[in-house]
Structure formats: structure tokens, C-alpha cells
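Residue-level structural notes
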Protein chains: 2
Amino acid sequence: MEEMIKVAVDAMGGDHAPAEVVKGAIDAVTLRRDIKVYLIGRQEIVKEELAKNSYQDSQIEIIHAPEVIETAEPPVLAIRKKKQSSIVVGMHMVKDKEADAFVSAGSSGAVLVGGQVIVGRIKGVERPPLAPLIPTQKGVSLLVDCGANVDARSSHLVQFAKMGSIYMENVLNIPNPRVAIVNIGAEEEKGNALVKETFPLLKNCPDINFVGSIEARDIPRGEADVIVCEAFVGNVILKLYEGVGATMLGMVKAGLMETLQSKIGALLVKPALKKTMKSFDASEYGGAPLLGLNGLVVKTHGSSKAKEVTNSIIQCVTFKEQEINEKIKRNIGGNHGI
Amino acid sequence: MEEMIKVAVDAMGGDHAPAEVVKGAIDAVTLRRDIKVYLIGRQEIVKEELAKNSYQDSQIEIIHAPEVIETAEPPVLAIRKKKQSSIVVGMHMVKDKEADAFVSAGSSGAVLVGGQVIVGRIKGVERPPLAPLIPTQKGVSLLVDCGANVDARSSHLVQFAKMGSIYMENVLNIPNPRVAIVNIGAEEEKGNALVKETFPLLKNCPDINFVGSIEARDIPRGEADVIVCEAFVGNVILKLYEGVGATMLGMVKAGLMETLQSKIGALLVKPALKKTMKSFDASEYGGAPLLGLNGLVVKTHGSSKAKEVTNSIIQCVTFKEQEINEKIKRNIGGNHGI
């Protein structure tokens, strides 16, 4: 029998838990027979949800976790106090090698803190970044770091570039991925203190394909595969991306409903628009990995539906198969590596 | 005779200079008889362009400036060396009170440096921010600072908030404008070092209506009127706004052309879409003022067409009529005021 990939999934996390999470898990094990999912959460609720569906019994197991960390809770305190929460239990399964990966749509803060404190960093990795994929005209780019470490130093950004390159090359299958640093102009002398300090380090880094600065306006055009920035800036980029997209779509939709003529036109253009919008939807690719941990932790959107959960679980398989962490260890750990 | 508002305009700046700039100037003086425009640039070229149109002779005057600062030139050096450039000549006219304002679509860097070095700051203003209006679902918001001062300090951000409030209240006519600071979460304890330091200062500032943090995703929804941030972040927001908007529109347009059915639909929805997009277009409101200078300097987009030039010139009238600089002097200059 082939080796099973074991993925722990937070059944209580996100706006649509547990229904959509359970559905996503079932779809994942239906698609791939080499995945085993541990659904972590309140046993009775998860069981009830599972009972609504049919699936391969042996591929899904419930792990009881009576507590839930709410989004509004201070993360450090929550991780320390709620030992029986789905997030803490899932993280421990990864740490103890009972699971290869943990997927959660729950509190971002708790997932970030739990990843660092419970799962722990690969030796040599200074800060594990959160690295979501963002949609572009040409496909997707990895935005790294996006919320894990504000006020980062230049050495952190260099590690983000290396880990991001490994991820894009091996998980997304992009050969020699282009790495760029977010800047306010294309010239080398532009930027704030952090960017000016980091730029020459990236330029002289032999392991990556550094293409220089990227201005925010060129990110949606897909001008780089790995987009390196400090977490505050990354978080602003990620959220503004969603915000501008959602607002514009909302305005377009409202505009289309304004006159009888536009309503008829809307019916005709709907299929084409839907297709376009689907290609601009990063949830197709799964959630955001926290890179550089001793195991894989994937954060999906709080608003995740079944599809994103499924894709995130399947993403864990590629991560494991491509031995991403071994590659990070070799590349970053150097002789500190295990 | 009523007093004329004197606006110096860089006839050589931007992608569509001089044709669109000249056209914009003519439209402005045609709309308002109390504006006098000085078109600064190479006399023969500007003259030739003017000759193509008819306008009120007495309202437009050419000021010869043989040199042009190119976008790629290092700004500090360019301002120092090219004394006969349209930007340097225009700035000096403001400094010497020969003009009330200077409008340019030329090199951002040169406009920012020239504003500080030639026109000079209002006493008490630590850093003059560039403050563009960005479109939102509800109208526009002022994004301040957006490129003038990277690595700003908290005291700068407090001044940005005050000057931005004065601008929005008096030029855009928004009573008691809501001020928010860009942050990566809504809670007070969130943020990087700069935001954590600035938050309580804004909270305790009596002159402004501080509503707390704003996440980037809520900016397009129009959840604040004055959006305060450090210039690197502001620049990223401004450019990503344009980038996501342009990319999405491009994809929607391409999608609409894909099938015969969608092409027919596109014809029907076009008027409604155009109207929607117009309401999401900040160029209706003119360019970005550099706040806190001894005179008004307005930077318009490099890609400005006549309409944005016209609106920017007319914006200068409101700025002057509402005595924005006198209000900034009273509010920020305190007893340093002239």
C-alpha cells in the first residue's frame, strides 16, 4: 500500500465551519485515495456533519477538540490557555509527526503564533513568513511575507525570497521563478531604509533569480513570481487586492442592473465574465503556507468554502511529495540543518 | 474687477504634453473667467499648440522655459542643475508670489523636491505630504502621505492627519471628516512600531475626528475620508489601486470579446459600465496637492489628459478661496505661525 499523506484539518475554523470544511475534506479524499484527513473539532458536531455525506470511512477520522479559539481573541493568550482547541490540537499533531500538515481557516493570529510556538521553526530560519498566492493576469504570484512578522529585518527578507523561490519552483512548477522586492520605483536608489538595505543582498544572492524592484501597479500584471516585502506592506497588498476587486465587481454588478438594456446585456455577458473572474481567483490554488516550519501549516481564508479547503488539502500533498521542507533545510539551514 | 487666481502650469510635463496640457488650460479659463494660467515651457512649441485653439487671450500667458526635467533624472540633481526647466521656473513663480499655484504632470520626484526646496514649508510643518484623492464606493478619500516622505515619524503622521482634515473639510466640503490610520487589523494593539506609536497620538488629537484603524480592504468601501499612512505604504496603496483596477478592467473587456454572445451583450452593457467606471475615477477631482507648502503645488498623473489638467487648475481656485494654507498655519504653525 502506498504511503498516506496525513492532513489535520481545523473543522471549527472560518465563517463556514464546520459544514464547508467537512465538505471540503470529503471532496479531497474522494479525489485522492492517498490522503487521510483528521477533522479536529467538537466530536458530536463534526460527526453530525459527516453523517450528511457519504465518503470512504477509512480516509477520515475525527479528533475531538472541545475548545474553539475565536477570531477576536488575543492570539498568544489563546494558544497558551486553550490547550483543547482545534488549532492547538492540530499544531501538536504536526509537531508530533502524527500529521504531515495542518489546515485552518480560523484565527490568523492564532495560526501564526501556534505555528511558531508549537510546530517550531526549521533550524536556521529566522522568521517563518505567511505566503499566500495572489491572482494575476498571467496566473499567480507568491506574496511573502503577508502578516507574520511586522518590522522585519533585511536578513528575514532574503530568507523569504529563498523559501518563496523553492515553493514556486516545486509546488507551482515554475522554473527559475522571478523574485522581486516591492518598491516605490524601479530604480535601485529608490525605497525606504529596509528596501535599500535588502536590495543589494538579494542582488548578490546566488540561489534566486532576482529581477529587481516591483512597483505595486505591476503586481496584478504578473511581473514577478515571488514578491518579497515586509509583512505590514504585504498585508496591505493582500487586503487591498481583495478590497478593490470586490468593490469594483460590486459596482459593475450594480451598474449592469441599472437599465432594462443593461439587464439584457448582463444575461449575455454573464458566462464570459464568470470565466474571467474565475481566472482571477486565487482560492483555486489553496491557502497560504507558513513557510520554514518543522511541518506544514496552511492558513486558508476565513471565508473559505469547500473548494478552497479541498485545494488546500491537496496542496499539502505536493508540498510533502516535493520535499519542500528538506529543500528549505538544505538551502537555509546550511550546516545548522538537521 | 474681481481678483484673478494665478495658476502656473507645467506645459512640458506628462505623457501627453504639451497638447493635452494646453487643451486643459484652455478649458479651465473658458469655464472660469477669474483664472489666469501661465503656461510654462518651450515658447515656440506651446505657442504652436495654443494657435490650434481659440480662447480668451488675456487669460493665458506663455512663460518661456527652455529646459525639461525627464522622469528618469535623479530629482535633487535635476532641480539644482536645470534652472530653466518648466518645473523650477513654475516653483519659483509660486515662491515669488507671481502665481498662487503650480500644476505639473511631470517627474514626481522633481515636483516633490522642488516643492520642499524652492517653494518651502509652512513654518511648523515638518514634512509636506503628497495627498492624492482616491476613488471609493462613496466618493473619494484623501490618501496622505503618498510618496513624499518614506520612513516618516509619528509626529509627521499626526500633521498629515490635521492637514488632510482641513483639506477634505474645506476643499471637498466634507464636514468633520473621518480620519483613520492604515493598519493590519482593527484592534488598537495591532500594527507595526510606527502605527502603535502614532495611534494614541491621533486618538488624543483634539482637532480631528479620529475613527481608529482602517484595514486596506475597507479603503475602497470609503470607510474613512482621510487615510493616514507612511509614504511607502501610501505609494503601494495608490499604485496597487490603479494596478488592480486596470488589470481587472482589461480582463473584463477581453472576456466580453470572447464569444459572439458576449460581444452582443457588451454593446448593451457598455453605457451602464461606462457610467460606473466614471464614478470610480479620481481624475474628476484633479491632482494631488503637496500639503503644507508656502503656496500650492499640485501633482497630476503622468498620464493626465486635458480633463485632469482642467480639474486640477480649478481645484487651485477652491484651495485659494478657502484659505487652506492660512488654516494650516493656524492649526499647525501654532505660535510659530507667520
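We now turn to the structure provided with this report. (Residues numbered from 1 in each chain as written. Chains lettered and ligands numbered in written order. Predicted model: local features only at pLDDT ≥ 70, side-chain atom pairs only at ≥ 80, totals over all residues. Heavy atoms only, no water.)

What follows covers the side chain of B:T310. All names here are of chain B. By the element assignment, T310 lies in helix α10 (residues 306-321). Engagement of the side chain of T310 in a polar contact is seen with the backbone oxygen of G24, the distance being 2.8 Å. Discounting residues that sit within four places of it in the chain, T310 has contacts with G24, D27, A28 and L31. (Helix = DSSP H or I, 4+ residues; strand = E, 2+ residues; numbered from the N terminus. Polar contact = N/O pair within 3.5 Å; in protein donor to acceptor, adjacent residues only side chain to side chain. Contact = heavy atoms within 4.5 Å.)

All names here are of chain A. With respect to the helices and strands, the residue V298 is situated in strand β11 (residues 296-299). For the pair V298 and E67, spaced 231 residues apart in sequence, the C-alpha to C-alpha distance is 20 Å. Setting aside residues no more than four positions away along its own chain, V298 makes contact with F102, V103, S104, G287, A288, P289, S312, Q315 and C316.

As a further point, take the pattern of salt bridges. Counting across every chain of the model gives 30 salt bridges over all chains. B:K36 serves as the salt-bridge partner of B:E61, at 3.0 Å between the closest nitrogen and oxygen. With B:E61 in strand β3 (residues 60-64) and B:K36 in strand β2 (residues 35-41), this residue pair connects regions lying 25 residues apart in the sequence. With a relative accessible area of 33%, B:E61 lands in the partly exposed category. Given the relative accessible area of 16%, B:K36 is considered buried. Here the salt bridges do not stand alone but share partners, grouping A:E215, A:R217, B:K239 and B:E242 into one network. (Salt bridge = Lys/Arg side-chain N within 4 Å of Asp/Glu carboxyl O. Buried < 20%, exposed > 50% of the residue type's maximum accessible area, 1.4 Å probe, protein only.)

Turning next to the sheet that holds β11(A). Residue and element names in this part refer to chain A. Across the sheet, which stays open at both edges, the 6 strands sit in the order β3-β2-β1-β4-β11-β10 with mixed pairing between neighbours. Since the sheet does not close on itself, it has two edges, and those belong to β3 (60-64) and β10 (288-290), each with one partner. Averaged over all pairs of adjacent strands, the angle between their axes in this sheet comes to 25°, without regard to strand direction. In the packing of helix α1 (residues 19-31) onto the sheet, contacts are made with β1 (5-10), β2 (35-41) and β3, and the angle to β2 comes to roughly 170°. (Pairing = 2+ DSSP bridges. Axes fitted to C-alpha atoms, helices over the stretch in contact; angles between N-to-C directions.)

Right, let's talk about empty space enclosed by the protein for a bit. All names here are of chain B. Applying the stated criterion across every chain, the model contains 3 cavities of 30 Å³ or more. Roughly 40 Å³ of volume is contained in the largest cavity. Every residue along the wall of the largest cavity is listed here: V9, D10, G13, V21, V103, S104, A105, T300 and V309. Listed by contribution, the elements that provide at least two residues to the lining of the largest cavity are β1 (5-10) and β4 (101-104). Residues belonging to the lining of the largest cavity are distributed by class as follows: 5 nonpolar, 3 polar and 1 charged. (1 Å grid on protein atoms, 1.4 Å probe; cavity = no way out; pocket = protein on both sides within 12 Å on 5 of 7 lines; lining within 4 Å. Points joined across faces, edges and corners; volume = space filled by probe spheres on them. Nonpolar A, V, L, I, M, F, W, Y, C, P; charged D, E, K, R; others polar.)

Residues and elements named next belong to chain B. Across the interface, helix α8 (residues 231-256) lies against helix α9 (residues 260-279) with an axial gap of 10 Å and an inter-helix angle of 155°. In this view, α8 runs roughly antiparallel relative to α9, as classed from their interaxial angle. On α9, the residues touching L249, G255 and L256 of α8 are S262, K263, A266, L273 and M277. Grouping the constituent residues of the contact of α8 with α9 by class yields 5 nonpolar, 2 polar and 1 charged. (Parallel < 35°, antiparallel > 145°, perpendicular 65-115°, else oblique.)

What follows deals with the interface of chain A and chain B. Contact residues are listed per partner, giving 52 residues for chain A and 52 residues for chain B. Carbon and sulfur atoms make up 75% of the surface buried where chain A meets chain B, a total of about 4,800 Å² over both sides. Counting every contact that joins chain A to chain B gives 4 salt bridges. Residue A:R217 is joined to B:E242 by a salt bridge in which the shortest nitrogen-to-oxygen separation is 3.6 Å. Our enumeration of links across chain A and chain B arrives at 8 residue pairs in polar contact (both at pLDDT 80 or more). Breaking the side of chain A that touches chain B down by element, the ones donating at least two residues are β7 (178-183), α7 (193-203), α8 (231-256) and α9 (260-279) of chain A. (Buried area = accessible area lost by both parts, 1.4 Å probe.)

Time to look at the relation of the copies chain A and chain B. Once chain A is rotated about the relating axis by 180° and shifted along it by 0.0 Å, it coincides with chain B to within an RMSD of 0.1 Å. Such a combination of rotation and displacement between the chain copies is what one expects of a two-fold axis. Residue A:G265 of chain A places its C-alpha closer to the rotation axis than any other residue of that unit, at 1.9 Å. Most of the interface of chain A is mirrored in chain B, where 100% of its interface residues again form contacts. (Least-squares fit on C-alpha atoms with pLDDT ≥ 70 in both.)

All names here are of chain A. If you walk through the whole model with that rule in mind, you get 4 aromatic pairs over all chains. Pairing Y167 with F319 gives two aromatic rings, centres 6.0 Å apart and planes at 50°, and the pair type is tilted. A residue pair is termed long-range when its members are at least 10 positions apart, and Y167 in helix α6 (residues 154-170) and F319 in helix α10 (residues 306-321) qualify at 152 residues. F319 carries the same exposure label as Y167, and that label is buried. (Phe/Tyr/Trp six-rings, centres within 6.5 Å; stacked < 30°, edge-to-face > 60°.)

Judged by nonpolar contacts, the single largest core of 178 residues is most densely connected at A:L39, A:I219, B:L39 and B:I219. Residue contacts for A:I219: discarding those within four places in its chain leaves A:I134, A:T136, A:V182, A:I214, A:I227, A:I237, A:Y241 and B:L240. (Core = buried A, V, L, I, M, F, W, Y, C linked by side-chain atoms within 4.5 Å.)

Here we take up α9(A). Taking 1.5 Å of rise per residue, 20 residues should cover 28 Å, and α9(A) covers 29 Å from first to last C-alpha, within 8% of that figure. A:V269 marks where α9(A) bends most, by close to 50°; the proline A:P271 follows one to four residues later. Buried within α9(A) are the following residues: A:S262, A:G265, A:A266, A:V269, A:A272, A:L273, A:T276 and A:M277. Along its buried surface, α9(A) packs onto α8 of chain A together with α8 and α9 of chain B. (Expected span 1.5 Å × (residues − 1). Bend = angle between axes of the 7 residues up to and from the residue.)

Under the definition given, this model contains 0 disulfides over all chains. Here A:C316 stays unpaired: no disulfide links it, and the sulfur of A:C146, its closest cysteine neighbor, is 18 Å away. (Disulfide = S-S within 2.5 Å.)

As a further point, take the environment of B:V117. Topologically, B:V117 is positioned in helix α5 (residues 108-119). C-alpha of B:V117 to C-alpha of B:I79: the two residues are 38 residues apart in sequence and 8.8 Å apart in space.

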